[in-house]
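Next come the chains, spelled out residue by residue.
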Amino acid sequence: MSALVVFDSNYGNTESVAAAIADALGGSAVLVSTVSPDSLTGVDLLVLGCPINGWRPSPRMLAFLDQLGAGSLRGIQAAAFDTRLRSPIHGDAAGKVTRKLKSAGAHVLARPTGFIVEGKTGPLADGELDRAREWADSIVTALAS
Ligand SMILES: Cc1cc2nc3c(=O)[nH]c(=O)nc-3n(C[C@H](O)[C@H](O)[C@H](O)COP(=O)(O)O)c2cc1C
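Keep in mind the model is a prediction, meaning the values are calculated, not measured. (Residues numbered from 1 in each chain as written. Predicted model: local features only at pLDDT ≥ 70, side-chain atom pairs only at ≥ 80, totals over all residues. Heavy atoms only, no water.)

### Observations concerning the overall build of the protein
Of regular secondary structure, the protein possesses 4 helices and 7 strands. Sequence-ordered secondary structure for the protein, helices as α and strands as β, is β-α-β-β-β-α-β-α-β-β-α. On C-alpha atoms alone, the protein measures out to a radius of gyration of 14 Å, which is about the 15 Å that the 2.2 N^0.38 rule sets for 145 residues. Across the 145 residues of the protein, 47% fall into the buried class. The contacts of the protein with a sequence gap of at least 6 include a subset with a gap of at least 24, amounting to 75%. (Helix = DSSP H or I, 4+ residues; strand = E, 2+ residues; numbered from the N terminus. Rg over C-alpha atoms; globule rule 2.2 N^0.38 Å. Buried < 20%, exposed > 50% of the residue type's maximum accessible area, 1.4 Å probe, protein only. Contact = heavy atoms within 4.5 Å.)

The structure is reproduced here in structure tokens:
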């Protein structure tokens, strides 16, 4: 199985989460600005992760999503996460990305999940990398069932 984590990150926090998830999935993590949907050929499991910026996915992740045509991810298993502030008005990115994954035809395996950063530049809150690995493990379990 080929697993690819495509992430965006301004300060490295989402990158750390993406690396932990890729490691748990036995795959690799790549920066969203270095890939296009055409380069997803052969990918079985696609995980998208980005920071919430302005209550929605980061601009570079939005640009990537804009390139996904209807049905372009048919046959691919997928999931999405974001990083966000510990705030009651953090907004959402992972849910919006997940809706786009579904409209592109992907089969979504896991609930969209947010990992907490303690401020705009981080760091990640205590325990979030462990929670990221557990979330990745839940994807592996869903793949096997
Ligand atoms: C321009 C900008 C807008 C942001 N807007 C939000 C927001 O709406 N909600 C939120 O929870 N965090 C917001 N943040 C904080 C990000 O969640 C935080 O910078 C990010 O998770 C850190 O991850 P990174 O190091 O991978 O960039 C914003 C950050 C920036 C730079």
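Still to come is the rest of the account.
### Some words on the UniProt feature "domain: Flavodoxin-like" (unreviewed entry) in the protein
According to UniProt, the feature "domain: Flavodoxin-like" (unreviewed entry) maps to residues 3-140 in the numbering used here. As a span, residues 3-140 carries 32% helix and 26% strand, and end to end its C-alpha atoms are 10 Å apart. (UniProt positions renumbered as here; feature names shortened; annotations may be inferred.)

### Quick notes on the site of the ligand
Close contacts around the ligand come from 17 residues, with S9, N13, T14, T83 and K120 the closest. At 2.7 Å, a backbone N or O of W55 approaches an oxygen atom of the ligand. K120 is positioned such that a nitrogen or oxygen atom in its backbone is 2.4 Å from an oxygen atom of the ligand. For the ligand, whose unbound accessible area comes to 620 Å², protein coverage reaches 83%. A breakdown of the residues in the shell around the ligand according to their chemical character gives 6 nonpolar, 9 polar and 2 charged. (Near = heavy atom within 4 Å. Polar contact = N/O pair within 3.5 Å; in protein donor to acceptor, adjacent residues only side chain to side chain. Areas by Shrake-Rupley, 256 points an atom, 1.4 Å probe, with all protein chains shown as cover. Nonpolar A, V, L, I, M, F, W, Y, C, P; charged D, E, K, R; others polar.)

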